[in-house]
Amino acid sequence: MIRRVLGRSGIEVPAVAIGTWAIGGTWWGGTDQADSIAAVRAALDAGIGFIDTAPIYGFGRSEEIVGRAIAGRDRSSLVVATKCGLDWEGTDGPFFFEIDGRRVHRNLRPARIRREVEDSLRRLGVDSIDLIQTHWQDPTTPIAESMGELVRLRDEGKVAAIGVSNATTAQMNEYLSVGPLASNQAKYSMLDRGIEAADLPFCRDRDIAVLAYSPLALGLLTGTVTADRVFGAGDQRRGHRRFTPENIAAVNALLVRFDALRRAHGLTMTQLAIAWTISRPGVTTALVGVRTPEQAREMAGGGVVLAPADLAAMDAMIAEAGV
Ligand SMILES: NC(=O)c1ccc[n+]([C@@H]2O[C@H](COP(=O)([O-])OP(=O)(O)OC[C@H]3O[C@@H](n4cnc5c(N)ncnc54)[C@H](OP(=O)(O)O)[C@@H]3O)[C@@H](O)[C@H]2O)c1
């Protein structure tokens with residue numbers, strides 16, 4: 001597994017990390033706690049000592065599962081990242097969405113950030129969060145106020161490094177005027193390339209790590225999703241435009257074209273999708289969602305870098321497929 005550094009924080013991480021959105025259950029049709037703990041432990045055992053979670057994933061459940069999974073593990077070989085700023089307990093900040101009867105607001109006010117960090121420390125069972133990230137940006141709170149509080153939490157030793165998620169380059173500039181940013185977490189995969197034009201070069205130029213989320217396009221890029229797959233109640237993929245039988249078939253037709261290349265590298269399709277992501281210039285780590293120990297072990301095999309010629313060949317096929 002190749003390793004990289006989170007910006008200028010000095011924190012070293014593997015190029016593949018454990019994503020824990022799905023094991024929170026919400027948006028993913030529920031969760032199985034035993035499978036989830038086993039999945040995280042399998043990934044840790046396979047050398048993936050980097051976990052990304054968030055309070056909003058299952059309204060604390062994902063963090064609690066992570067806390068149970070890492071209990072007793074060597075903390076020094078583990079980088080724990082979580083987030084703040086999605087508030088389901090109050091009404092401050094702009095309304096964002098409603099799910100499972102809870103109304104969620106974007107709230108990056110200093111008091112909320114501090115409360116969330118305290119709650120995350122408790123659920124995770126750690127003394128310090130290695131990377132705290134503002135989850136979605138709150139246009140009603142000046143970034144200087146949010147970042148000022150994050151810097152205070154860092155100075156108090158409650159967090160080690162600060163990052164953002166779903167932020168524009170203008171917003172990142174505002175954060176940078178207050179303190180250092182270690183990372184930017186953004187959606188990125190073969191099918192979601194919106195950050196290539198501005199965000200990736202911006203972060204490369206400023207030595208900000210890029211953490212790519214949904215690198216498997218919610219599982220679509222694993223090649224295991226068939227056109228007749230039925231997603232359960234509460235699974236966001238049910239009725240999702242990406243998961244229509246026609247689109248699944250079109251994406252799978254593209255993935256079949258990668259067969260010769262992936263076999264030459266001894267990779268499964270899931271591993272090739274991960275390898276593609278972490279081979280893109282400027283991408284530091286792919287955050288891969290896993291729900292089972294088998295998925296966790298497969299993910300760990302994706303931590304390889306592809307040659308520019310392989311990336312170019314794949315890009316040509318992706319462009320031709322038009323998916
Ligand atoms: N900052 C943000 O706003 C944000 C947003 C989204 C995600 N994230 C982070 O990024 C992480 C990853 O993104 P993601 O979870 O959205 O999607 P993803 O990594 O693109 O896809 C994850 C899903 O793919 C399926 N899968 C994984 N490994 C597989 C394998 N080996 N074979 C077959 N299927 C496999 C699993 O679903 P099934 O088994 O159910 O098919 C899994 O839940 C999240 O967990 C979270 O930590 C952050």
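Our subject is the structure that appears above.
Residues numbered from 1 in each chain as written. Predicted model: local features only at pLDDT ≥ 70, side-chain atom pairs only at ≥ 80, totals over all residues.

### Some points on the packing of helix α3 (residues 110-124) against helix α4 (residues 143-155)
We apply this condition: Axes, fitted as lines to C-alpha atoms, cover a helix only where it is in contact. Angles between the N-to-C directions of the axes lie from 0 to 180 degrees. By the criteria applied, helices consist of DSSP H or I runs no shorter than four residues and strands consist of E runs no shorter than two, each listed in order from the N terminus. For a crossing to be left-handed, the near helix must be turned anticlockwise from the far one by less than a right angle; the clockwise case is right-handed. Throughout, a residue-residue contact means that the two C-beta atoms, derived from backbone geometry, are no farther apart than 7 Å. Gly counts as polar in this scheme, as do all residues outside two lists: the nonpolar Ala, Val, Leu, Ile, Met, Phe, Trp, Tyr, Cys and Pro, and the charged Asp, Glu, Lys and Arg.
Two elements in contact, α3 and α4, have axes whose closest approach is 9 Å; the angle formed by their N-to-C orientations is 35°. Judged by the twist between their axes, the crossing of α3 over α4 is right-handed. Here Pro110, Ile113, Arg114 and Val117 of α3 lie close against α4, whose contacting residues are Glu145, Ser146, Glu149, Leu150 and Leu153. Considered class by class, the residues forming the contact of α3 with α4 number 5 nonpolar, 1 polar and 3 charged.

### Side note on the packing of helix α2 (residues 61-70) against α3
Put simply, the rule reads: For this classification, under 35 degrees means roughly parallel, over 145 means roughly antiparallel, 65 to 115 means roughly perpendicular, and everything else is oblique.
Here α2 crosses α3 at 40°, and the two axes come no closer than 7 Å. Put simply, α2 runs oblique to α3. Note on element contacts: α3 touches α2 through Ser120, Arg123 and Leu124, opposite Glu63, Glu64, Val66 and Gly67.

### Thoughts on α4
Stated precisely, the cut-off is as follows: Each residue after the first adds 1.5 Å to the expected span of a helix.
Across its 13 residues, α4 extends 18 Å between first and last C-alpha, which sits within 8% of the 18 Å expected from 1.5 Å per residue. Looking at the packing, one finds that the buried side of α4 touches α3, β9 (129-134), β10 (159-165) and α5 (169-176). With its phi angle positive at about 85°, Gly157 sits one or two positions after the end of α4.

### Remarks on the environment of Thr226
Heads up, the condition is: Between the buried cut of 20 or more and the exposed cut of 12 or fewer other C-beta atoms within 10 Å of a residue's own C-beta lies the partly exposed class, and all C-beta atoms are placed from the backbone.
The residue Thr226 is located in the loop between β12 (209-213) and α7 (245-257) in this model. A tally of 10 C-beta atoms within 10 Å means that Thr226 is categorised as exposed. The spatial distance from the C-alpha of Thr226 to the C-alpha of Pro245 is 7.9 Å, given a sequence separation of 19 residues.

### Quick notes on the sheet that holds β9
Note the threshold: Strands pair, by our definition, only if DSSP identifies at least two bridges between them.
The strand order around the closed barrel formed by 8 strands is β3-β4-β5-β9-β10-β11-β12-β13, and the pairing between neighbours is parallel. For this sheet, the mean inter-axis angle between neighbouring strands, taken without regard to orientation, is 30°. In the sheet, strand β3 (residues 16-19) pairs with strand β13 (residues 285-289) via 4 bridges, with the strands oriented parallel. Directly across from Gly19, in β13, lies its bridge partner Gly289. Here helix α9 (residues 269-279) sits on the sheet and contacts β3, β12 and β13; the angle it forms with β13, its principal contact strand, is near 150°.

### Here we look at unusual backbone geometry
With the exception of glycine, the majority of residues adopt a negative phi angle, and the majority of peptide bonds are in the trans configuration. For Asp100, which is not a glycine, the phi torsion comes out positive at approximately 50°. Relative to the helices and strands, Asp100 resides in the loop between β7 (95-99) and β8 (102-106). Look at Ser214: it is not a glycine, yet its phi comes out positive at around 50°. Among the secondary structure elements, Ser214 is positioned in the loop between β12 and α7.

### Thoughts on helix α1 (residues 33-45)
If you check α1, its first and last C-alpha atoms are 18 Å apart, about what 13 residues at 1.5 Å a residue would give, namely 18 Å. Looking at the packing, one finds that the buried side of α1 touches β3, β4 (50-52), α2 and α10 (293-300). Positive backbone phi, approximately 95°, marks Gly47, located one or two places after α1.

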